[in-house]
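So the chains spell out like this:
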Amino acid sequence: MMNFVMMFCSMLLIIGLLPNVAFGSSHNYGEALSKSFLFYEAQRSGYLPHDQRVQWRGNSGLLDGKASGVDLVGGYYDAGDNVKFGLPMAFTVTMMSWSIIEYGKQMGESGELSNGMDAVKWGTDYLLKAHPEPNVLYGEVGDGTTDHYCWQRPEDMTTSRAAYRIDPSRPGSDLAGETAAAMAAASIVFRNSNPAYAKELLTHAYQLFEFADKYRGKYDSSITVAQKYYRSVSGYADELLWAAAWLYKASNKPYYLNYLGENGDALGGTGWSMTEFGWDVKYAGVQTLAAKFLMQGNAGKHAPVFEKYQEKAENFMCACLGKGNQNIHKSPGGLIFRQRWNNMQFVTSASFLATVYSDYLASARKSLKCSSGIVSPSELLSFAKSQVDYILGDNPRATSYMVGYGNNYPRQVHHRGSSIVSVKKDPSFVSCRGGYATWFSRKASDPNLLAGAIVGGPDAYDNFADQRDNYEQTEPATYNNAPLIGVLARLHGGQSKYSQLLPVAIPQPKPDPEQKVIPAPASSTADITIEQKETASWVHKGKTYYRYSVIVTNKSAKTLKNLKLSISQLYGSLWGLSKYGDSYVFPAWISSLPAGNNLEFVYVHSASPAVISIPSYTLV
């Protein structure tokens, strides 16, 4: 016991569970977060809603899919063009959803959660349309060749709007797998506020995963027009694991956990040590999620395999910090640099993984082991913050690479819609080549502000040319912002008392009228028992701290749902439940408790056991 106490105390000091890490910055992360969601409104295709805030945009792509006999109106344009590419769009939805799952509480506190959920739903509404049959998925509308020949705002486009699909004879496991991941992740986002929609998303995710796994192949071998723009260099093995991880997180079904455990070696999840994460290469994301499952105690018999996943996840984190065996290159100004074309996508995605992994480690009271030594979770978070601060202007050029943030930001963005006068201001038709002659070649600032867009960013030496034809540096993309919104929410929220091994608060659904709701303001009932006990104690700076374990058991013959616990006289941190208003509810990885099953949560404070009661629950 003494060794455990000493170790636990040292961990408290490492992660700052007692003292908090200070965030000193002049940056307004809340403003940057708000602007990020505006960018997604500017990227919308289809009929724009009545509450559209980006007013210079109009309806577009209203006949998408019609020639193929399917409704493909909606979704997002991926970057500065007018093509809807399915693979990066699905990845964008996955990462926006992950950002909300982890940091929705902070988004809610800053008033941006509803905008975030709207951004996700704009994407998933389209992805549902794109999946009209279990083994059919439309993966692109328009094609890059004809689109890039023209410079037209989306409201005017005369380019091809052909729709391209995958099916059993033309498979695309990477595309289907990523879309399954997007729908599974989004189902968690809407689980409480819109349970019917969440169920629909999860049903499609199940079908898409089965399609991806059964009919294996690279999507760009079937949709060849995507090869010049979004070639799947990494293949589809990473997407199969990525989809399985998200389906396990969304459904809690052992099948998907077993899939990760049984296929981790064969599909490369436990073998590849990556130094990038993005729309093509998902391994680092899979490894980070698998490490979370391990730290939550969910790996079970597959724990040895999940430890290998975690080892590779930690190699990625150490590489970001420059403390590993294979480190990521950084510019003189300290920015992660991987490639000339849209390098910022790798900066934001790496920053997100570092942020969530920092919080996972802190929640589990662990530290990061790099080849150069032990690293505290706060150091990982500081790294992520340094990358975000660079993006927002703390760099050798003092340039913000988020359009509309700060005083010095890109004015000539490589983006058709923002660079051409709004159709609302001048409805005159802009022709295919006329757009190049009149608008693309202008050396003036864009007539429309593409607020919140993260452009491609500087080169390996921190140089940047704000020119519209410099597409490598001035073109934005939806998947640049998607990971960043989570980091911005985290930094804006500061040091909240929460555990990232738990979900963030997304409102609980109201119970069905047919369900039996039982008020029970007691510590135990005939249906539920609550047992808590002290499992450890230690002295820190003259004060005694206690760790309490609480076991909640469903004693009934039915499934327990919508459990609410009231916990009073709690003066420390709690792990294993999610905060919901003044109550606590199931964590994200548990939606219900079957008959005879139990869950455990723990808390630490310097007092006697807290008082726990059960205001309400549902049996179905």
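What counts and how
- Residues numbered from 1 in each chain as written.
- Predicted model: local features only at pLDDT ≥ 70, side-chain atom pairs only at ≥ 80, totals over all residues.
- Heavy atoms only, no water.
- UniProt positions renumbered as here; feature names shortened; annotations may be inferred.
- Pairing = 2+ DSSP bridges.
- Helix = DSSP H or I, 4+ residues; strand = E, 2+ residues; numbered from the N terminus.
- Core = buried A, V, L, I, M, F, W, Y, C linked by side-chain atoms within 4.5 Å.
- Buried < 20%, exposed > 50% of the residue type's maximum accessible area, 1.4 Å probe, protein only.
- Contact = heavy atoms within 4.5 Å.
- Axes fitted to C-alpha atoms, helices over the stretch in contact; angles between N-to-C directions.
- Salt bridge = Lys/Arg side-chain N within 4 Å of Asp/Glu carboxyl O.
- Lys, Arg positive; Asp, Glu negative; His and termini not counted.
- Polar contact = N/O pair within 3.5 Å; in protein donor to acceptor, adjacent residues only side chain to side chain.

- As recorded in an unreviewed UniProt entry, the chain goes by Endoglucanase and comes from Nicotiana tabacum.
- UniProt, in its Subcellular location (unreviewed entry) section for the chain, records the words "Secreted".
- Comment text from UniProt for the chain, heading Sequence similarities (unreviewed entry), reads "Belongs to the glycosyl hydrolase 9 (cellulase E) family."

**With respect to the sheet that holds strand β2 (residues 137-141)**
And step 1. Taking strand neighbours across the sheet as the criterion, the three strands line up as β1-β2-β3 in an open arrangement whose pairing is antiparallel. Strand pairing shows two members of the sheet lacking a second neighbour, β1 (84-85) and β3 (163-166), which therefore form its edges.
And step 2. Pairing analysis gives four bridges linking β2 to β3, with the strands arranged antiparallel. Opposite Glu140, over in β3, you have Tyr164 as the bridge partner.

**Regarding the nonpolar core**
And step 1. Ranked by internal contacts, the top residues of the largest apolar core, which has 152 residues, are Trp98, Trp242, Trp246, Phe306 and Leu368.
And step 2. It is helix α3 (residues 86-109) that provides the largest number of residues to this core, a total of twelve residues.
And step 3. Leaving out residues up to four positions away in the same chain, Trp246 has contacts with Thr94, Trp98, Ile101, Ala181, Ala184, Ala185, Ile188 and Leu289.
And step 4. In this structure, Tyr548, Leu560, Tyr584 and Phe601 belong to the second largest nonpolar core, which totals 25 residues.

**Concerning the sheet that holds strand β10 (residues 573-575)**
And step 1. Pairing is antiparallel in the open sheet, where four strands are placed in the order β7-β8-β13-β10. The open sheet has two edge strands, β7 (528-540) and β10, and neither has a second partner. With direction set aside, neighbouring strand axes in the sheet form an average angle of 15°.
And step 2. Summarising the sheet, β10 and strand β13 (residues 598-605) pair through three bridges and their orientation is antiparallel. Within β13, the residue paired with Ser573 across the bridge is Val604.

**Section: the pattern of salt bridges**
And step 1. For the coordinates displayed, the defined rule picks out 23 salt bridges.
And step 2. The closest approach of N and O atoms between Asp213 and Arg216, which form a salt bridge, is 2.6 Å.
And step 3. Here the salt bridges share partners, and the residues they tie into one network are Asp64, Lys84 and Arg161.

**Some points on the side chain of Asp174**
And step 1. Relative to the assigned elements, Asp174 resides in helix α6 (residues 173-189).
And step 2. The charged side chain of Asp174 is buried without a salt bridge, its nearest counter-charge being Lys218 at 6.2 Å.
And step 3. Separated by 2.7 Å, the side chains of Asp174 and Ser232 make a polar contact.
And step 4. With sequence-adjacent residues up to four places away left out, Asp174 is seen in contact with Leu87, Gly217, Lys218, Tyr219, Ser232, Gly235, Tyr236 and Glu239.

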